[in-house]
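Residues per chain, in single letters:
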Amino acid sequence: MSHGRRQLIFSFGFLLILLLNASIAYSQDAQERSISTSIAGMEQLLMSEKILINTVERYVEELQAKVNSLKNLVTVLKTENDKALQDPEKYLHNPLNGFSLIRRMHNDWNNIELFMAKPVGESYIEVIKKYRHEMPTTNDISEASEAIHRLQTTYDMKIDDVVKGILNGKQYDAKLSAVDCYFMGLHLFAKKSYYQAGFWLYNAIELYENSDYNKIIDYGLDKPNALYGEVLVKQLRFNDALIVLKKASSLRPNDAALLSRKNEIELQTKTYTGAPISYPKPNPTAYEKGCRGQYVNIPSNLYCIYNTTTSAFLRLAPLKMELLQLEPYMVLFHDIISDKEILDLQKLARPNLKRATVFSKTEGKSQIVEKRTSKFSWFQDNTSQTTIRLNQRIRDMTGFDIEGSEMLQVMNYGLGGHYDTHFDYFNVSDTADIVKLNGNRIATVLFYMSDVEQGGATVFPNIRTAVFPRKGTAVMWYNLDNKVEGDWRTLHAACPVIVGSKWVCNKWIRSKAQIFRKPCYI
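The structure displayed is predicted, hence computed values, not measured ones.

Chemist: Would you explain helix 14 (residues 256–271) in this entry?
Modeler: Along an α-helix, a turn takes 3.6 residues, which lines up residues three or four apart on a common side. Between its first and last C-alpha, helix 14 extends 23 Å over 16 residues, near the 22 Å set by a 1.5 Å rise per residue. By the burial criterion, the buried members of helix 14 are Leu258, Lys262 and Ile265. On an axial view of helix 14, the arc spanned by its buried residues comes to 65°, and they lie on one face. Every exposed residue of helix 14 that faces more than 90 degrees away from the buried side is listed here: Ala256, Ala257, Leu267 and Lys270. Those residues of helix 14 that are buried are in contact with helix 12 (222–234) and helix 13 (238–251). If you check the start of helix 14, you find a side-chain oxygen 3.1 Å away from the backbone N of Ala257, and it comes from Asp255.

Pasting the structure below:
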């Protein structure tokens, strides 16, 4: 291999390793970034990647130009040198040839050495360095891995299918690579989910290809084999573990620690006589059943109506309303928000999306938690003409006075975005200060601002009800009973989004302003 070609491979490898290292650097506050928790936030990441790819492309072009120059140089020098070596004495008899040889050896080779040693593409490497702050952190890759795991377990998808791009029974034009599977196994191993980690690592081994790409990013078959061996050890499958660790050790013969580990497991195979750990399949929870669509076809005696009575305005412009539940009261409105209003809200929200939080009783404040993965933005009632109209529509939909109620909240869910089971109403004993002024959350209005191809349902496990997102609809339910106390039946969750971008807008209506609107409390 020529020196120039070796330099090309080395320099290109160095650049991509720099990219990889930068991508896992934890240089920013993870709570503020949380890239995977919003599709809108991830869109910018694609644009950044495009710039980086173009930068690498220009870098390669410059490297290739240098290699081409060196190839041309070799051709010229080799032609002259071959000519001379055919008959060195005759060649050197000519004073012009002798002079050129001395001049080349004195001057040219010094400059050739400098040309070969001169760094190439430093300006492009600087571009990549500037993008480090936009690259995903260790926390981001952890959240993304957890999102894939959440999808797989919530919807009971086979890992082999997920790897092939089969999501919830539907084949997509996407699949995971061997490196993707390895990172999934690495994440689950760290969480001590050894059974699931084993499937991912097995796929990482099966899909591995001895490609230039894997060489450049320093990903060899030894890595998944070594980790898979440890997974099998955790499952007390020592004989299987020994086979895999032997393979890893053969691929990494100078690793004394790995060789020692292999010898330890070899001893275990001779002394351990017990059975491997078994992993029985858990029964699905009520929440998981709802996410999987098992509540959709439950027979109901309820019906659809044109609502003309909630407000005087509805006599002129009735609303399409579908009764879902009477206890607790829950209805679904159709064609309730227009495409233009949705676009306006999304345009307002995008620049201000922040990671969603949950109120912590122990900390006395809202915090970022794994159970809720989305980004949101709040809007004052008079932020725009769209928010003013939407708040008036909420009055017409519910018949409630929204004075003192919370602002409109627009949310966008990201990779496997979800919100685990929760109540919208406050636990008064824990949040007395919050409910003292305007009361508790008597009702929730949730607008669906996008269609979601798969997943993303709002599930009420205690009453076996699920509402799947459909653009332009809105679900409304009462959180409090007639004693103005929290209704346990309103426990609900936002199921993980499998495919699609889920946008919603919600309004929590407080109870104190309803003294004349809903006076018949027991």
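From this point, things continue past the structure.
Chemist: Explain the packing of aromatic side chains here, please?
Modeler: Any aromatic ring pair is given by two values, namely how distant the centres are and how the planes are angled relative to each other. Applying the stated criterion across every chain, the model contains 14 aromatic pairs. Ring plane angle 70° and centroid distance 5.1 Å describe the contact between Phe238 and Tyr272, whose orientation is recorded as edge-to-face. Taken together, the residues Phe238 in helix 13 and Tyr272 in the loop between helix 14 and helix 15 (286–291) connect sequence positions 34 residues apart. Here Phe238 falls in the buried class, since its relative accessible area comes to 9%. Judged by its relative accessible area of 30%, Tyr272 falls in the partly exposed class.

Chemist: Even after reading the chapter, I still don't get the pairing of strand 10 (residues 408–413), so can you show me in this structure?
Modeler: Consecutive side chains along a regular strand alternate between the two faces of the sheet. Burial within strand 10 is extensive, with 6 of its 6 residues counted as buried. Going residue by residue along strand 10, you find Leu408, Val410 and Asn412 tucked away on one face and Gln409, Met411 and Tyr413 tucked away on the opposite face as well. Pairing geometry for strand 9 (residues 374–379) and strand 10, over 6 bridges, is antiparallel. Following the sheet pairing, Lys375 is matched in strand 10 by Asn412.

Chemist: When you look at the side chain of Thr154 in this model, what are you seeing that I'm missing?
Modeler: Tracing the sequence through the fold places Thr154 in helix 7 (residues 138–154). Taking the relative accessible area as the measure of exposure, Thr154 reaches 6% and is therefore buried. At 2.7 Å, the side chain of Thr154 and the backbone oxygen of Arg150 are in polar contact.

Conventions we followed
- Residues numbered from 1 in each chain as written.
- Predicted model: local features only at pLDDT ≥ 70, side-chain atom pairs only at ≥ 80, totals over all residues.
- Heavy atoms only, no water.
- Helix = DSSP H or I, 4+ residues; strand = E, 2+ residues; numbered from the N terminus.
- Expected span 1.5 Å × (residues − 1).
- Buried < 20%, exposed > 50% of the residue type's maximum accessible area, 1.4 Å probe, protein only.
- Arc of directions from axis to C-beta.
- Contact = heavy atoms within 4.5 Å.
- Polar contact = N/O pair within 3.5 Å; in protein donor to acceptor, adjacent residues only side chain to side chain.
- Phe/Tyr/Trp six-rings, centres within 6.5 Å; stacked < 30°, edge-to-face > 60°.
- Pairing = 2+ DSSP bridges.

Nothing here speaks to function; it is geometry throughout.
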